[in-house]
Amino acid sequence: QVQLVESGGGLVQAGGSLRLSCVASGRTFSSYVMAWFRQAPGKEREFVAGLRWSGGSTYYADSVKGRFTISRDNAKNTVYLQMNSLKPEDTALYYCAVGRLFVTREWQYDYWGQGTQVTVSS
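Described in the following lines is the structure provided in the data block. (Residues numbered from 1 in each chain as written. Predicted model: local features only at pLDDT ≥ 70, side-chain atom pairs only at ≥ 80, totals over all residues. Heavy atoms only, no water.)

## Some thoughts on the sheet that holds strand β7 (residues 68-73)
So, step 1. One open sheet accounts for four strands, arranged β1-β3-β8-β7; its pairing is antiparallel. The strands lining the two open edges of the sheet, one partner per strand, are β1 (3-7) and β7. Averaged over all neighbouring strand pairs, the angle between strand axes comes to 15°, with direction disregarded. (Pairing = 2+ DSSP bridges. Helix = DSSP H or I, 4+ residues; strand = E, 2+ residues; numbered from the N terminus. Axes fitted to C-alpha atoms, helices over the stretch in contact; angles between N-to-C directions.)

Set out below in structure tokens:
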């Protein structure tokens, strides 16, 4: 059974940085896409960044391009989200997800973690 466990969230001031981690287990992920989504209070969950496990291709939401970087560690089966120049509007619950398609639609992702909270103070 696939398990995704996120960590690394916290409280940070605007302009600061955080690195989120997502440890994946339960199968081989070489043919999958890993992604980060986020959901702010009162808003729908939105795509943040994605990575094709094989080859490492990445893609980002416009709102985070140039500030966030998604990466992976094959040996640790872990995906990271390095978040720099954080803004108050980045405050949200951040989720790791696994799917088969290189897409931004959340309904096409099969497995989800429980989320880690990121709060950016102004």
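## Some thoughts on the state of the cysteines
So, step 1. The full count for this structure, using the stated rule, is one disulfide.
So, step 2. Residue Cys-22 pairs covalently with Cys-96 via a disulfide, S to S 2.1 Å. When the S-S torsion is -80°, as for the bridge of Cys-22 with Cys-96, the disulfide is left-handed. Pair noted here: Cys-22 is in strand β3 (residues 18-25) and Cys-96 is in strand β9 (residues 92-99), with a separation of 74 residues, a long-range link. For the residue pair Cys-22 and Cys-96, the accessibility class agrees, reading buried in each case. (Disulfide = S-S within 2.5 Å. Buried < 20%, exposed > 50% of the residue type's maximum accessible area, 1.4 Å probe, protein only.)

## Brief notes about the packing of aromatic side chains
The relation between two aromatic rings is expressed through the spacing of the ring centres and the mutual angle of the planes.
So, step 1. Summed over the entire model, instances satisfying the criterion amount to nine aromatic pairs.
So, step 2. Judged by centre distance (4.2 Å) and plane angle (70°), the ring pair of Tyr-59 and Phe-102 falls under edge-to-face. Taken together, the positions of Tyr-59 in strand β6 (residues 58-60) and Phe-102 in the loop between β9 and β10 (109-112) put the pair 43 residues apart, joining distant regions of the chain.
So, step 3. According to the relative accessible area criterion, Tyr-59 is buried, its value standing at 15%.
So, step 4. Taking relative accessible area as the criterion, Phe-102 reaches 30% and is therefore assigned partly exposed.
So, step 5. Ring centres of Tyr-109 and Trp-112 lie 6.4 Å apart, and the angle between their planes is 65°; this geometry places the pair in the edge-to-face category.
So, step 6. If you follow Arg-19 out to its NZ or CZ, it ends over the ring of Tyr-80, 4.1 Å from the centre.
So, step 7. Positioned over the ring face of Trp-112 is Arg-45, at 3.9 Å from the centre of the ring. (Phe/Tyr/Trp six-rings, centres within 6.5 Å; stacked < 30°, edge-to-face > 60°. Lys NZ or Arg CZ within 6 Å of the ring centre and 35° of its normal.)

## Examining the nonpolar core
So, step 1. Counting 39 residues, the largest nonpolar core has Met-34, Trp-36, Leu-81, Met-83 and Tyr-94 as the members making the most contacts within it.
So, step 2. Among the elements of the structure, β3, β4 (33-39), β5 (46-52), β6, β7, β8 (78-83), β9 and β11 (116-121) are those that each provide at least two residues to this core.
So, step 3. Those residues within four positions of Leu-81 in sequence are excluded, and the remaining contacts are Leu-18, Arg-19, Leu-20, Trp-36, Val-48, Ala-49, Phe-68, Thr-69, Ile-70 and Tyr-94. (Core = buried A, V, L, I, M, F, W, Y, C linked by side-chain atoms within 4.5 Å. Contact = heavy atoms within 4.5 Å.)

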